[in-house]
Amino acid sequence: MPADRTTPNDTTVPDAPDDTAATDPGGPAADGAELIRFDKVTKRFGAHTVLDALDMTVHSGKHVTLIGPSGSGKTTILRLMMTLLKPDEGTIMFNGDYLTHEEKGGRLVPAGERHSRAVRRNIGMVFQQFNLFPNMKVLRNITEAPVHVLGLAKDAAEERARELLDLVGLTDHLDKYPGQLSGGQQQRVAIARALAMRPKVLLLDEVTSALDPELVAGVLDVLRDIARSTDITLLCVTHEMNFARDISDCVMMFDAGRVIEFGPPEQIFTAPEHERTREFLSAVL
Amino acid sequence: MSDISWGLWQLLLKGVWITVQLTVYSAALGAVTAFVIGLARTHRRWLVRFLSGAYFEIFRGTSALILMFWMFFVLPVGFGWQLAPMWAAVLTLGLTYGAYGSEVVRGAVAAVAPAQREAGIALGFSPAQQLWKIVLPQAWPEMVPPCTNLLIELLKGTALVSILGVGDIAFGASLVRNATTQSAPVYTVILVMYFVLAFVLTRGMRAVERQAKAGIGRPPAKRASLFRRAGGGRPATAVPGAGAGATGRGEPR
Amino acid sequence: MTFDWSAVGDFLPAFFRGVLVTLQALALGSLIAFALGLVWALAQRSARKAVRWPVTVLTEFVRNTPLLVQLFFLYYVMPEWGVTLSALATGVIGLGLHYSTYTAEVYRAGIDGVPAGQWEAATALSLPRGRTWTAVILPQAIRRVVPALGNYVISMLKDSPMLFAIGVLEMLGEARQFSSQTFQTVEPYTVVGVAFLVIAYPASLLLRALERRLAR
């Protein structure tokens, strides 16, 4: 393993624009094009710096898991990706386009709502608290965006929704309201809802944290299935280390707003090089 | 507006004074009613609770203006009690807004943790002592914001007396309008007068609230605007729980 | 005290005419209050200060001044501006406008009560702003404020006798007219007073039941 993989954040880790191939989380043998790039992204909440000049690249089709103690900035990355937050400094690129900014008259200005919406159409997100629309039945939760954003015909959208419900094992429940489902079922509907938009990347924000322990496995199985059978890019924040080991191509360890170490799961989980990573893993495993 | 002579201005200012008097007297009667009925509604005996509850429902269910007419026109004929219009109005407003206020008192008293009463019992306080020394001092700061809403409603309610011929601001307005035949300036001035009174009242009650909260070592609530009040209140929603369906349920983040 | 039941009988036809007018004013006034209140609530969430400010000033002003004086204002001033409406129409507008400033607060609380996650989910699905409002936020917000809106309808009912002051022959107006023609005062006012109780009390019980159901 190259030594620079674990050098402190302020040098080239985890990724520098000039030598992408060498330090890319997706690894040197990355099969897809660069999909996500964080360039010196800083995010502060008041006096607290959550992300500190973060550089990061994710290649298309890769499954990247972010781990680290709570408050280390993992969820903030997903929320920045979803444009639910705006960075204080730095830029984020997605699919060859600026996500946080747009070019106007040759200058880079913070993105307007119209621009953000156009770019983030290819980004899907599953939330810790599911956030299903309680006033819509399961089927309409899934078809709402395809019909009103992608302009799909209602029949086509429903057809696709049924397939997705089959994928998450909830075909019997399409006529129920979210409130009539268990947490695990709701989360599986939320996954289907996100996939219905055919996103290039799916952001998974601690998707099992709000679930009762016995419901976690069902949701993770669905996600494993999706990771295996599709070429979707996954960016995943989780405390389920076994799941992270199973599905990831790359695991990134966060601490205090920086990536302190990253690499393939077998390396991070069996031979972490950084002291903080060892401490964190011994606490959670 | 220049058509309004000094004499007419005097008329309006006299009206302001009458409105202030009406508000103060009705508020005093209302406060007494609110405490008596509100506490009675938490009484141990069901009969006391029933009677005070019936009072609350009846006065909450009637229209203040109809009640005022009834007090003014029916009481003299039916019972031989002739009330001056001013006192018919004070009685109506005090009893009506007192009924709304009783719900505020009842809710605030019920919201004091039962453990506080139990502590009082453990210390050998009599029921009256528990009420005066333990429950009411804690409940009082909770009562102030909804009472502010009720006071504003009461102030607005005093305008009804002009229909009975009491010379308050609204009555002054109709006299001035007749004299000048100009409606827009007169009614604009009148509305502004009420608004200023409401503003002063809100500010005063905010000071009372600060003091009440400081008395139990709590900071006053922050407010966004000059007037925005908890619950957006009106008697209908000043009732605790009436707006419960609309209270915020934020996402834990 | 003497209560003349035959006077009650004589009053009844006029009384029912009055009930009809009261209910008309109430229904139309409620419609205005519900619709206009939503407009105020949405305007107050506008990103533009030039929209937020005038609406805030207007609603605070209307809410903190007496309905009765507002009714006089509309009744006497609108014709000076060239708009002549019937007394009932003026009363309906006054009631609706006054109560729209209360329903605006109700909607505001209801909208604020929709969890932030709903907005985030709508963003994550790229739902357009208008669709987010009409399909996601408002259906949830309005559902939880139905009891509070209902309470204001009852408040409006109790304020509707004020319309008599601008010459609308609703219940109180009919009672006043009847008593000035027949010199019977006890009966008409008592009938009207009882009528309010008979309408308002069951309505408030109904709303409390509805509130408990929605709270679950």
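Residues numbered from 1 in each chain as written. Chains lettered and ligands numbered in written order. Predicted model: local features only at pLDDT ≥ 70, side-chain atom pairs only at ≥ 80, totals over all residues. Heavy atoms only, no water.

A. Spotlight on the UniProt feature "domain: ABC transmembrane type-1" (unreviewed entry) in chain C. Look at the UniProt record and you will see "domain: ABC transmembrane type-1" (unreviewed entry) annotated at residues 15-207 of chain C. For residues 15-207 of chain C, helix accounts for 82% and strand for 0%, while the C-alpha atoms at its two ends are 26 Å apart. (UniProt positions renumbered as here; feature names shortened; annotations may be inferred. Helix = DSSP H or I, 4+ residues; strand = E, 2+ residues; numbered from the N terminus.)

B. Geometry of the nonpolar core. Residues and elements named next belong to chain A. Ranked by size, the top nonpolar core spans 162 residues in total, and within it F38 and L235 carry the most contacts. L235 has contacts with I36, V58, V64, L66, I77, L78, M81, V201, L202, L203 and L204, leaving out every residue within four places of it along the chain. Formed by 36 residues, the second largest nonpolar core is a distinct cluster that contains V138, A190, V216 and V219. (Core = buried A, V, L, I, M, F, W, Y, C linked by side-chain atoms within 4.5 Å. Buried < 20%, exposed > 50% of the residue type's maximum accessible area, 1.4 Å probe, protein only. Contact = heavy atoms within 4.5 Å.)

C. Region of interest: helix α6 (residues 127-157) of chain B. Taking 1.5 Å per residue, 31 residues should reach 45 Å; α6 of chain B reaches only 37 Å between its end C-alpha atoms and comes up short. In the structure, α6 of chain B departs most strongly from a straight axis at L136 of chain B, where the bend amounts to approximately 50° and where the proline P137 of chain B lies between one and four residues downstream. (Expected span 1.5 Å × (residues − 1). Bend = angle between axes of the 7 residues up to and from the residue.)

D. Summary view of the pairing of strand β12 (residues 258-263) of chain A. Residue and element names in this part refer to chain A. When you tally the buried positions in β12, you get five out of six residues, the bulk of the element. Bridge count between strand β11 (residues 250-255) and β12: five bridges; the pairing is antiparallel. Paired with D255 across the strands is R258, a residue of β12. Between β11 and β12, which pair antiparallel in sequence order, lie two residues; one of them, A256, sits at a positive phi of approximately 50°. (Pairing = 2+ DSSP bridges.)

E. Up close: the interface of chain C and chain B. Contacts between the two partners involve 54 residues from chain C and, on the opposite side, 55 residues from chain B. Sorting the residues of the side of chain C that touches chain B by element identifies α2 (49-63), α3 (67-80), α4 (87-112), α5 (116-124), α6 (129-159), α7 (171-182) and α8 (186-215) of chain C as the ones contributing at least two each. Take the side of chain C that touches chain B: its biggest share by element is 12 residues, from α8 of chain C. A class-by-class count of the residues in the side of chain C that touches chain B yields 29 nonpolar, 14 polar and 11 charged. (Nonpolar A, V, L, I, M, F, W, Y, C, P; charged D, E, K, R; others polar.)

F. Highlighting the confidence of the model for chain A. Within chain A, residue pLDDT values average 85, and 89% of them lie at 70 or more. Taken together, the stretch residues 1-30 of chain A has pLDDT below 50 and engages in 58 contacts with residues farther than four places along the chain or on a different chain. (pLDDT = per-residue confidence, 0-100.)

G. How the structure looks around the UniProt feature "transmembrane region" (unreviewed entry) in chain C. Residue and element names in this part refer to chain C. With numbering aligned to this structure, UniProt lists the feature "transmembrane region" (unreviewed entry) at residues 20-43, 81-99 and 189-210. The straight-line gap between the two end C-alpha atoms of residues 20-43 is 34 Å; of that span, 100% is helix and 0% is strand. For the annotated span residues 189-210, helix accounts for 100% and strand for 0% of the residues, and the straight-line distance between the end C-alpha atoms is 32 Å.

H. Just a nonpolar patch on the surface, in detail. Residues W46, L47, F50 and L51 of chain B make up a contiguous nonpolar surface patch of about 480 Å² in total accessible area. Secondary-structure assignment places W46 of chain B in helix α2 (residues 46-61). (Patch = residues over 30% accessible without salt bridge, like charges linked within 9 Å, V, L, I, M, F, W, Y side chains within 5 Å. Areas by Shrake-Rupley, 256 points an atom, 1.4 Å probe, with all protein chains shown as cover. Salt bridge = Lys/Arg side-chain N within 4 Å of Asp/Glu carboxyl O.)

I. Up close: the packing of helix α1 (residues 6-40) of chain B against helix α8 (residues 183-215) of chain B. All names here are of chain B. It is at 12 Å that the axes of α1 and α8 come closest, and there the two elements cross at 35°. Between α1 and α8 lies a crossing whose hand is right-handed. Along the contact surface, α1 presents W9, L12, L13, V16, T19 and V20, while α8 presents V189, I190, M193, Y194 and L197. A breakdown of the residues in the contact of α1 with α8 according to their chemical character gives 10 nonpolar, one polar and no charged. (Axes fitted to C-alpha atoms, helices over the stretch in contact; angles between N-to-C directions. Left-handed = near helix turned anticlockwise from the far one by under 90°.)

J. View of helix α10 (residues 275-284) of chain A. All names here are of chain A. For α10, every residue scored as buried is listed here: T277, F280 and L281. Down the axis, α10 shows its buried residues gathered within 95° of arc, on one side only. Looking at α10, the residues exposed on the side facing more than 90 degrees away from the buried face are S282 and A283. Structurally, α10 contributes buried residues whose contacts are with β3 (63-67), α8 (241-247), β11, β12 and α9 (265-270). (Arc of directions from axis to C-beta.)

K. Molecular detail of the environment of T270 of chain A. Residues and elements named next belong to chain A. As for its position among the elements, T270 is in helix α9. Residue classification places T270 among the exposed positions, given a relative accessible area of 58%. Residues T270 and K40 lie 230 residues apart in sequence; the distance between their C-alpha atoms is 30 Å.

L. Spatial organisation of the pattern of salt bridges. Residue and element names in this part refer to chain A. Tallying each qualifying case throughout the model produces 30 salt bridges over all chains. The shortest N-O distance in the salt bridge between D221 and R224 comes to 3.2 Å. Residue D221 and its partner R224 are located together in helix α7 (residues 213-229), separated by three residues, close to a single helical turn. A residue is classified by how much of its surface remains accessible, and D221, at 44% relative accessible area, is partly exposed. Taking the shortest distance from any N to any O, the salt bridge between R228 and D225 comes out at 3.6 Å.

M. Spotlight on the sheet that holds β11 of chain A. Residue and element names in this part refer to chain A. Strands sit in the order β8-β9-β10-β3-β11-β12 across an open sheet of six strands; the sheet is mixed. With one partner strand each, in any of the chains shown, β8 (123-126) and β12 form the two edges of the open sheet. Between one strand and the next, the sheet's axes are offset by a mean angle of 20°, whatever the strand orientation. Bridging between β3 and strand β10 (residues 233-237) involves four bridges; their strand directions are parallel. Bridge pairing in β10 links H63 to L234. Its contacts with the sheet put helix α2 (residues 74-81) on β3, β8, β9 (201-205), β10 and β11, and the angle it makes with β10 is roughly 140°.

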